[in-house]
Amino acid sequence: MIAEFIASVFAFFVVDPVQAEIEARLQDARAPVEIVSQARACLSTTGPILIERATGDMWWAGTTIVSVATGLTSPAELLDAGNPACVPVATHLTAAEAEA
């Protein structure tokens, strides 16, 4: 029961805003269609992994919620580097941040 509550709070404060921010950044940067489709694939697999980690490590979940809410953690930092669909998305986002 507690794990479900933590998963819901984490999804509300981290996963959903990160997904929305990544999609908005890609749209603002006029990312190619391939990058946008890879972002959706990346987020559909990374979200559950982040939620699973949050339910297993409440300290990490709490600090991640605070760092995302305050802007200390970039959405690109939460993407799974081991996921092939996330690599081009993270690269595109970090390049766009460097240009700005």
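Residues numbered from 1 in each chain as written. Predicted model: local features only at pLDDT ≥ 70, side-chain atom pairs only at ≥ 80, totals over all residues. Heavy atoms only, no water.

1. Details of the overall build of the chain
Helix and strand counts for the chain stand at 5 helices and 0 strands. When the elements of the chain are put in sequence order from the N terminus, they spell out α-α-α-α-α. Relative to its length of 100 residues, the chain is compact, with a C-alpha radius of gyration of 13 Å against a globular reference of 13 Å. Residues counted as buried form 36% of the 100 residues belonging to the chain. A sequence separation of at least 24 residues applies to 73% of the contacts in the chain between residues at least 6 apart. Working note: accessible area of the chain is about 6100 Å², and carbon and sulfur atoms make up 63% of it. For the chain, the distance from the average site of its 4 positive side-chain charges to the average site of its 12 negative ones is 6 Å. (Helix = DSSP H or I, 4+ residues; strand = E, 2+ residues; numbered from the N terminus. Rg over C-alpha atoms; globule rule 2.2 N^0.38 Å. Buried < 20%, exposed > 50% of the residue type's maximum accessible area, 1.4 Å probe, protein only. Contact = heavy atoms within 4.5 Å. Areas by Shrake-Rupley, 256 points an atom, 1.4 Å probe, with all protein chains shown as cover. Lys, Arg positive; Asp, Glu negative; His and termini not counted. Charge placed at Lys NZ, Arg CZ, Asp CG, Glu CD.)

2. Thoughts on empty space enclosed by the protein
If you walk through the whole model with that rule in mind, you get 1 cavity of 30 Å³ or more. Here the largest cavity is characterised by a volume of approximately 50 Å³. No other element matches helix H2 (residues 33-56), which puts 4 residues into the lining of the largest cavity. (1 Å grid on protein atoms, 1.4 Å probe; cavity = no way out; pocket = protein on both sides within 12 Å on 5 of 7 lines; lining within 4 Å. Points joined across faces, edges and corners; volume = space filled by probe spheres on them.)

3. Some points on the side chain of Thr73
Looking at where Thr73 falls in the secondary structure, it is placed in the loop between helix H3 (58-70) and helix H4 (75-78). At 2.8 Å, the side chain of Thr73 and the side chain of Ser67 are in polar contact. Contact partners of Thr73, with chain neighbours within four places excluded, come to Ser67, Val68 and Leu78. (Polar contact = N/O pair within 3.5 Å; in protein donor to acceptor, adjacent residues only side chain to side chain.)

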